[in-house]
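# A closer look at the structure
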Amino acid sequence: MKITRIETFLVPPRWLFCRVETDDGVVGWGEPVVEGRAEVVRAAVDVLADHLMGQDPLRIQDHWQVLTKGGFYRGGPVLSSAVAGLDQALWDIAGKTYGAPVHALLGGPVRDRVRVYAWVGGDEPAELTEQIAAQVEAGFTAVKMNGAGATSPMATAAETAAVVERVAAAREVLGPDRDVAVDFHGRFTAASSRRVLAELAPLHPLFVEEPVVPEQSHLLPGLVAASPVPLATGERLYGRAEFLPVLTAGIAVAQPDLSHAGGISEVHRIASLAETYGAQLAPHCPLGPIALAASLQVAFATPNFLIQEQSRGIHYNKDGDLLSYVVDPEPFRFVDGHAPRGDAPGLGVTVDEAAVRAADRTGHAWRNPVWRHSDGSFAEW
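Residues numbered from 1 in each chain as written. Predicted model: local features only at pLDDT ≥ 70, side-chain atom pairs only at ≥ 80, totals over all residues. Heavy atoms only, no water.

## Some words on the overall build of the protein chain
A tally of regular secondary structure across the protein chain gives 12 helices and 14 strands. Radius of gyration (C-alpha) of the protein chain: 20 Å, near the 21 Å computed for a compact globule of 381 residues. The dimensions of the protein chain, computed from C-alpha atoms along their principal axes, are 65 × 45 × 45 Å. Out of the 381 residues in the protein chain, the part that is buried amounts to 56%. When contacts within the protein chain are restricted to residue pairs at least 6 apart in sequence, those whose partners lie at least 24 apart make up 71%. Working note: accessible area of the protein chain is about 15000 Å², and carbon and sulfur atoms make up 53% of it. (Helix = DSSP H or I, 4+ residues; strand = E, 2+ residues; numbered from the N terminus. Rg over C-alpha atoms; globule rule 2.2 N^0.38 Å. Buried < 20%, exposed > 50% of the residue type's maximum accessible area, 1.4 Å probe, protein only. Contact = heavy atoms within 4.5 Å. Areas by Shrake-Rupley, 256 points an atom, 1.4 Å probe, with all protein chains shown as cover.)

## Thoughts on the sheet that holds strand 2 (residues 15-22)
Taking strand neighbours across the sheet as the criterion, the 3 strands line up as 1-2-3 in an open arrangement whose pairing is antiparallel. Two strands bound the open sheet, and with one partner strand each, they are strand 1 (3-11) and strand 3 (27-30). Taking the axes of each pair of neighbouring strands and ignoring which way they run, one obtains an average angle of 20° across the sheet. Relative to strand 3, strand 2 runs antiparallel, the two being bridged by 4 bridges. Within the sheet, the bridge partner assigned to Arg19 lies in strand 3 and is Trp29. Strand contacts of helix 3 (residues 77-98): strand 1, strand 2 and strand 3, with the helix running at about 145° to strand 3, the strand carrying the most contacts. (Pairing = 2+ DSSP bridges. Axes fitted to C-alpha atoms, helices over the stretch in contact; angles between N-to-C directions.)

## Concerning the pattern of salt bridges
Charged atoms that come close allow side chains of opposite charge to pair. Enumeration over the complete set of coordinates arrives at 19 salt bridges. One salt bridge connects Glu21 with Arg19, and the closest N-O pair in it is separated by 2.7 Å. Here Glu21 and Arg19 have matching classes, each one buried. A salt bridge links Glu210 to Arg236; the shortest N-O distance between them is 2.9 Å. Separated by 26 residues along the polypeptide, Glu210 in the loop between strand 7 (208-209) and helix 8 (220-226) and Arg236 in the loop between strand 8 (231-233) and helix 9 (240-249) bring together distant segments of the chain. On the basis of relative accessibility, which here comes to 29%, the residue Arg236 falls in the partly exposed class. Here the salt bridges do not stand alone but share partners, grouping Arg5, Glu7, Arg19, Glu21, Glu353 and Arg357 into one network. (Salt bridge = Lys/Arg side-chain N within 4 Å of Asp/Glu carboxyl O.)

## Remarks on the packing of aromatic side chains
What the rule picks out here adds up to 10 aromatic pairs. For the pair Trp366 and Trp381, a centre-to-centre distance of 6.3 Å together with 55° between the ring planes defines the contact as tilted. Of the two residues, Trp366 is situated in the loop between helix 12 (353-362) and strand 13 (371-372) and Trp381 in the segment after strand 14 (378-379); the sequence distance between them amounts to 15 residues. Exposure remark for Trp366: the relative accessible area of 17% places this residue in the buried category. Members of the aromatic cluster, joined through ring pairs, are Trp15, Phe17 and Tyr325. The ring of Tyr316 has Arg14 sitting right over it, with the charged end atom 3.7 Å from the ring centre. One residue, Arg14, lies across the ring of Trp366, its end atom 4.7 Å from the ring centre. (Phe/Tyr/Trp six-rings, centres within 6.5 Å; stacked < 30°, edge-to-face > 60°. Lys NZ or Arg CZ within 6 Å of the ring centre and 35° of its normal.)

## What about the pairing of strand 2?
The two faces of a sheet get side chains in turn, since along a regular strand they alternate between them. Judged by how many residues are buried, strand 2 sits mostly within the fold: 8 of 8 residues are covered. Here strand 2 shows no split at all, with Trp15, Phe17, Arg19 and Glu21 on one side and Leu16, Cys18, Val20 and Thr22 on the other all buried. Hairpin connection between strand 1 and strand 2: a loop of 3 residues separates the two successive antiparallel strands. Where strand 2 folds back onto strand 3 in an antiparallel hairpin, the turn is made up of 4 residues, including Gly25, whose phi is positive at roughly 85°.

## Description of a negative patch on the surface
Among the surface-exposed residues, Glu124, Glu127, Glu130 and Glu165 lie close enough to one another that they form a single negatively charged patch. Tracing the chain through its elements places Glu165 in helix 6 (residues 157-174). In this structure Glu165 comes out as partly exposed when scored by relative accessible area, which is 48%. (Patch = residues over 30% accessible without salt bridge, like charges linked within 9 Å, V, L, I, M, F, W, Y side chains within 5 Å. Lys, Arg positive; Asp, Glu negative; His and termini not counted. Charge placed at Lys NZ, Arg CZ, Asp CG, Glu CD.)

## Side note on the UniProt feature "domain: Mandelate racemase/muconate lactonizing enzyme C-terminal" (unreviewed entry) in the protein chain
Following the UniProt record, one finds the feature "domain: Mandelate racemase/muconate lactonizing enzyme C-terminal" (unreviewed entry) at residues 125-230. Each end of residues 125-230 is marked by a C-alpha atom, and these two atoms are 23 Å apart; helix forms 46% of the span and strand 11%. (UniProt positions renumbered as here; feature names shortened; annotations may be inferred.)

## Details of the environment of Ile3
As for its placement among the helices and strands, Ile3 is situated in strand 1. Judged by relative accessible area, which is 1%, Ile3 ranks as buried. For the pair Ile3 and Leu52, spaced 49 residues apart in the sequence, the C-alpha separation amounts to 6.7 Å. Ignoring any residue separated from it by four or fewer positions in sequence, one finds Ile3 in contact with Val20, Glu21, Thr22, Leu52, Met53, Gly54, Gln55, Pro57 and Leu90.

## Description of unusual backbone geometry
Here Pro12 and Pro13 are connected by a cis peptide whose omega angle stands at 10°. By the element assignment, Pro13 lies in the loop between strand 1 and strand 2. The phi angle at Phe72 is positive, at roughly 75°, despite the residue not being glycine. Considering the arrangement of structural elements, one finds Phe72 in the loop between helix 2 (60-69) and helix 3.

## Points about the state of the cysteines
The tally for this structure, following the rule as stated, stands at 0 disulfides. Counting only cysteine sulfurs, Cys285 is the nearest neighbor of Cys18, a cysteine outside any disulfide, at a range of 15 Å. For Cys285, a relative accessible area of 1% translates into the label buried. (Disulfide = S-S within 2.5 Å.)

## Structural notes on the side chain of Ser259
The topology assignment puts Ser259 in the loop between strand 9 (253-254) and helix 10 (263-276). The class for Ser259 is buried, based on a relative accessible area of 0%.

Structure below.
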């Protein structure tokens, strides 16, 4: 079996899909994307395709080594994301070839269902309360929310109080038996995070995500030591080497993204590395159906898995949603806040190729917003 064609599709709301075809007619799908830089990743996939054309798609680990290291310059979000999508597609082909789900190829399932959480927003506690109540009614047992919008370099008393007020409103609706995770999104400095974390502790968040930007990961040991709240990070880390220092720092939850951190191959290894540090895996995935399908396959085969992000109804999804490009929504049928394990081969999802090709004709040029503080200086988004 040889790879004969590799295509990419720029599909709304902000995704990039890739399709890998073989001479035997087996097709694999992946989702290589950097949100806001999808066109750049598309070019990277085209370059990497030169290596894969004419090759045996089942030599996944060898291809991963060449794609990540064969160009001498390594790493970074664009290259790692391009590799990630191609890696997903190769695992999809392998599963379809062997007639098995990817989680079986990774060593077999360790659980029957995967807990997932829903995103909620709302700048005001009243709006937040309504959104959380709707998710509880839908059966979800956990939600994630942004901690704050643009935040001063040294958070004011009012800014700190607003974060606590919103999380308190969430806890009121959720009660003691459901969970809320809080995403700081790198918008807080280490000093501000330290102050806010202490005040959030009585509300018992499941975890607080990205308490500092990833380039300040060297500050995590102090934050971990001072924080009564479990800390999480990893959506902007792209391999084991970058996860090692944050795991050594003592983070409780590792959050690699299956479309950024080298795909199924690398995230499976990151999960094993995290397990040696007693950390749980909660893959980042505010993306499309292929990325989520890949994430679920890893989750089913990962002992130290905690919870899975998913994008149904997320605020980014304006011109397309999680189910817009799949033939059968069953793999994403969440029951009591969980995704049941399926046994369909490969990634377990059937892509609606006609819908994907039609969407690519429109494409998108999604960009994240650029925020500024009141004095006109740049603010972390």
